[in-house]
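Letter by letter, the chains look like this.
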Amino acid sequence: MRWGKAFRSGAMPMLTEGDYTLLGQLDIGTVVDFRTLEEREVAPDLLDDRMGALFISNDYSIVPMFAKMSAGERDNIYSGIELTIAPQLRSLFKRLLAGDGAVVYHCSAGQDRTGVATALIYDALGVDRETILKDYHLSTELRRVENEMPPIAAGQYPNNPMVKYYLASRAKGPAKAEPLYTSAGKSHLAQFFDHLDATYGGSAGYLKAKLGFTDDDLNRLRTIMLQ
């Protein structure tokens, strides 16, 4: 993989002036935000404004996502996410192909939607899935939950379900990153790969069938992203 082409992240509401100075050295041309309307209301991106970068997002609600992630054994919680965030994924790959500066892409935690996007990039580039899964599960160790949301007082954003979830979780004690497995010990991403293979014949099949890319596009992506 070539360094400096793409950077994954969680939400960035706690960036300091020193952080912006550091990020200013990365030649950021695009910021792709996978978050919902409710998440963006509470912690809007400022990185694009500070860097003069193109900002890309899409308007959808977090409510259906909450319903799915809280259901039962949490099996196959990512199935269908490739349709929910298809507009952002399409833009992410288009901006990688454009080569117009580095692309920063993120959600709130930097592990689920961002993890799926990263897995799709790696898989399209031919990285073996064992390595992709190991990289994905590093999120549990490396995630910094305390940096993902700004301080919020009770009564702020009274109609925002993301804020209600955030305040309820904080009331239970310090937040921590939960391992990305089902209660039966199955990797969420491994289940998503099974879904991609069964539904689209793999990541390349999904990128072509749902996002409109061609074999020539994927070959050019490999030329751009691989050493």
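Residues numbered from 1 in each chain as written. Predicted model: local features only at pLDDT ≥ 70, side-chain atom pairs only at ≥ 80, totals over all residues. Heavy atoms only, no water.

Caption draft 1: A look at the nonpolar core. The biggest cluster of nonpolar side chains holds 48 residues, and the ones touching the most others in it are F34, Y78, L89, L92, Y206 and L207. Of all the secondary structure elements, the ones that give two or more residues to this core are helix 6 (86-98), strand 4 (102-106), helix 7 (113-125), helix 8 (129-142), helix 9 (161-171), helix 10 (188-200), helix 11 (203-209) and helix 12 (215-225). Per-element accounting of this core gives the leading share, 7 residues, to helix 7. In this structure L92 touches V32, F34, V103, Y105, A117 and I121, once residues within four positions along its chain are discounted. Formed by 8 residues, the second largest nonpolar core is a distinct cluster that contains M12, Y20, L23 and A53. (Core = buried A, V, L, I, M, F, W, Y, C linked by side-chain atoms within 4.5 Å. Buried < 20%, exposed > 50% of the residue type's maximum accessible area, 1.4 Å probe, protein only. Helix = DSSP H or I, 4+ residues; strand = E, 2+ residues; numbered from the N terminus. Contact = heavy atoms within 4.5 Å.)

Caption draft 2: Molecular detail of the pattern of salt bridges. The final tally for this structure, using the stated rule, is 13 salt bridges. Taking the shortest distance from any N to any O, the salt bridge between D45 and R35 comes out at 3.6 Å. Taken together, the positions of D45 in the loop between helix 2 (37-42) and helix 3 (47-51) and R35 in the loop between strand 2 (28-33) and helix 2 put the pair 10 residues apart, joining distant regions of the chain. Here R35 falls in the buried class, since its relative accessible area comes to 1%. Between R113 and E39 there is a salt bridge, with its nearest N and O atoms 2.7 Å apart. (Salt bridge = Lys/Arg side-chain N within 4 Å of Asp/Glu carboxyl O.)

Caption draft 3: How the structure looks around the environment of N160. Its location among the elements puts N160 in the loop between helix 8 and helix 9. Given the relative accessible area of 2%, N160 is considered buried. It is 39 Å that separates the C-alpha atoms of N160 and M225, two residues lying 65 residues apart in sequence. Each residue touching N160, except ones within four places of it in the same chain, is listed here: E38, E41 and V42. Among the polar contacts made by the side chain of N160, one reaches the main-chain carbonyl oxygen of E38 at a distance of 3.0 Å. (Polar contact = N/O pair within 3.5 Å; in protein donor to acceptor, adjacent residues only side chain to side chain.)

Caption draft 4: Main features of the packing of helix 7 against helix 8. Their axes nearest at 10 Å, the elements helix 7 and helix 8 cross at an angle of 155°. Regarding the angle of helix 7 to helix 8, the classification is roughly antiparallel. The handedness of the crossing between helix 7 and helix 8 is right-handed. Contacts from G115, T118, A119, Y122 and D123 of helix 7 reach helix 8 at R129, I132, D135 and Y136. The residue inventory of the contact of helix 7 with helix 8, partitioned by class, reads 4 nonpolar, 2 polar and 3 charged. (Axes fitted to C-alpha atoms, helices over the stretch in contact; angles between N-to-C directions. Parallel < 35°, antiparallel > 145°, perpendicular 65-115°, else oblique. Left-handed = near helix turned anticlockwise from the far one by under 90°. Nonpolar A, V, L, I, M, F, W, Y, C, P; charged D, E, K, R; others polar.)

Caption draft 5: Structural context of the sheet that holds strand 4. Strand order in the open sheet made by the 4 strands is 1-4-2-3, with parallel pairing throughout. The strands lining the two open edges of the sheet, one partner per strand, are strand 1 (6-9) and strand 3 (54-56). Within this sheet the neighbouring strands show an average axis-to-axis angle of 15°, counted without direction. Where helix 7 meets the sheet, its contacts fall on strand 1 and strand 4, and the angle it forms with strand 4 comes to roughly 135°. (Pairing = 2+ DSSP bridges.)

Caption draft 6: Representation of helix 8. When the terminal C-alpha atoms of helix 8 are compared, their 20 Å separation across 14 residues agrees well with the 20 Å that a helix rising 1.5 Å per residue should span. Listed as buried for helix 8 are I132, Y136, H137 and S139. For helix 8, the angular spread of the buried residues around the axis is 120°, confining them to a single face. Summarising the geometry of helix 8, the exposed residues directed more than 90 degrees from the buried face are E130, K134, E141 and L142. Here the buried face of helix 8 lies against strand 1, helix 7 and helix 10. (Expected span 1.5 Å × (residues − 1). Arc of directions from axis to C-beta.)

Caption draft 7: Spatial organisation of helix 10. Helix length check: helix 10 (13 residues) gives 18 Å between terminal C-alpha atoms against 18 Å at 1.5 Å per residue, within 8%. Of all the positions in helix 10, only H188, L189, Q191, F192, F193, H195, L196 and Y200 are classed as buried. Check the buried side of helix 10 and you find it contacts helix 5 (81-84), helix 7, helix 8 and helix 11. In the segment just after helix 10, G201 is the residue with positive phi, at about 75°.

Caption draft 8: Structural detail: unusual backbone geometry. Within the chain, D27 stands out as a residue other than glycine whose phi angle is a positive 55°. Note on placement: D27 falls in the loop between helix 1 (17-23) and strand 2. Backbone geometry at Y157 places phi at a positive 50°, although glycine is not the residue there.

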